[in-house]
Amino acid sequence: MAGALAAARTVEPTAGEYRADGHTHESACLNCATPLVGSHCHACGQAAHVHKTLGAFFHDLLHGVFHFEGKIWRTLPMLVAKPGKLTREYIDGKRASYVSPIALFLFCVFLLFTTINSLGGDIGASVNTTVEQGLKQEREDLVKLKAERSSATSDAAQLAKIDAAIAETRKNIAGLEQVKASGISVANVDTSGLETAGDVGWINEAVKKAKANPGLALYKVQTYSYKLSWALIPISVPFLWLLFPFSRRFGLYDHTVFVTYSLCFMTLLGIVATIGGKLGIVSIGVVAILPPIHMLLQLRGTYGLSWFGAWWRTWFLSMFAFMAMMLFAVIILVEAGG
């Protein structure tokens, strides 16, 4: 590689150097030194013309974050108004025109949690304990555990158990400090309605922990919901497959693209609902009827269904979506209660 670049520099000494207008003018690729034919290098794909301007820098920034070369302005309107066409065209290979479903999903999830954290400062307007009280309790527990550790015998199993409890307590303290620093109010959230769940022991334990320290529970739920949001995709795909069992026309890839774009819309709807609710301009009833309508349009356009075929599948898909959300909630509960 070094030899090729040196050879290119010998042929064209000024290749890639900064010019007054911020542009470069070269005949060999600045990345791999391959002779250029056309606007892009046919060997590595890099653009032949490199812009060295401040505007180009910010353009690259936007492009790197969200492929901002017009893709987003084509993708979002299609996602809202013609989700079936968007999904079908992406599946059929029309990729350059749209933001990929997974890139859009990750960005939407990030935007949703940013919006919630920014506008949901009063999310805990009803809690019967405070973050400060939770911190005090956790710190007292840490002191007790350290004292227990100092007076413990040389039993390796007992020491390991105490060390694990100390590590978990420190983790809880760090989480509560983050909740406190974020400004989220959890001082008055009413947890009296939380009841145990019969004989399901791990659920009972998770509920008890949430009631004992709702501030920490809120922090964990928010953290794991964000980190594990991607799990909604593999959870949902098998449910969609049940609507087209053993179909030779539509495979798991088709269903995965469908689910991911659908989740993008639902996430964006959540953002609109959060902002609209904060401003008092969005009705819950209007928001509630949009998901099934969107599913209907996406099913019909993606799979080429009749209105009736799309309609009955929408009913099942709505129930499946609810089940998928319940499974996702169980995963979050398991992680948050760990």
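Just so it is clear, the model here is predicted, and its values are computed rather than measured.

**Re the packing of helix α4 (residues 83-91) against helix α12 (residues 284-303)**
Phase 1: For the pair α4 and α12, interaxial distance at closest approach is 6 Å and the crossing angle is 40 degrees. Here α12 runs oblique to α4, going by the angle between their axes. Judged by the twist between their axes, the crossing of α4 over α12 is right-handed. Residues Pro83, Gly84, Lys85, Thr87, Arg88 and Ile91 of α4 lie in contact with α12, whose contacting residues are His294, Leu297, Gln298, Gly301 and Thr302.

**Examining the nonpolar core**
Phase 1: Residues Leu79, Leu104, Leu240, Phe244, Tyr261, Leu299 and Tyr303 are the most contacted members of the largest nonpolar core, which totals 48 residues.
Phase 2: Here the element with the most residues in this core is helix α11 (residues 252-279); it accounts for 10 residues.
Phase 3: When residues no more than four places from it in sequence are discounted, the contact partners of Leu240 are His255, Phe258, Val259, Leu299, Tyr303 and Leu317.

**Observations regarding unusual backbone geometry**
Phase 1: Positioned with a positive phi, Ala33 is a non-glycine residue whose angle comes to about 70 degrees.
Phase 2: The topology assignment puts Ala33 in the loop between α1 (2-11) and α2 (54-66).
Phase 3: A positive phi is found at Phe246, a non-glycine position, where the angle reads about 60 degrees.
Phase 4: Assignment of secondary structure puts Phe246 in the loop between α10 (232-241) and α11.
Phase 5: The class for Phe246 is exposed, based on a relative accessible area of 70%.

**Points about the packing of helix α3 (residues 71-81) against α4**
Phase 1: With their axes 5 Å apart at the nearest point, α3 and α4 run at an angle of 125 degrees to one another. As the angle between them shows, α3 and α4 are arranged oblique. Along the contact surface, α3 presents Thr75, Met78, Leu79, Val80 and Ala81, while α4 presents Pro83, Lys85, Leu86 and Glu89.
Phase 2: Taken together, the residues that form the contact of α3 with α4 break down as six nonpolar, one polar and two charged.

Criteria and thresholds
- Along each chain, residue indices are assigned from 1 in the same order as the chain's sequence is written.
- With the structure being a predicted model, the display of local features is reserved for residues of pLDDT at least 70 and the display and counting of side-chain atom pairs for 80 or more, all residues being used for whole-chain, interface and lining totals.
- Side-chain measures were taken over the full set of non-hydrogen atoms in the model, leaving aside hydrogen atoms and water.
- Whenever a helix is involved, its axis is fitted only over the stretch in contact; in every case the axis is a line through C-alpha atoms, and angles between N-to-C directions fall within 0 to 180 degrees.
- Secondary structure elements are defined from DSSP: runs of H or I of at least 4 residues count as helices, runs of E of at least 2 residues count as strands, and each element is numbered from the N terminus.
- Angles are sorted into four bins: roughly parallel if under 35 degrees, roughly antiparallel if over 145, roughly perpendicular if 65 to 115, and oblique for all others.
- In this scheme the handedness of a crossing depends on how the near helix is turned from the far one: anticlockwise by less than a right angle means left-handed, clockwise means right-handed.
- Residues are treated as being in contact if the distance between any of their heavy atoms lies within 4.5 Å.
- What we call a nonpolar core is a set of buried Ala, Val, Leu, Ile, Met, Phe, Trp, Tyr and Cys residues that are connected through their side-chain atoms within 4.5 Å.
- Remark: exposure states derive from per-residue accessible area (1.4 Å probe, protein chains only) relative to the maximum for the residue type, with buried under 20%, exposed over 50%, and partly exposed in between.
- By the convention adopted, Pro, Cys, Tyr, Trp, Phe, Met, Ile, Leu, Val and Ala count as nonpolar, Lys, Arg, Asp and Glu as charged, and the other residues, Gly among them, as polar.

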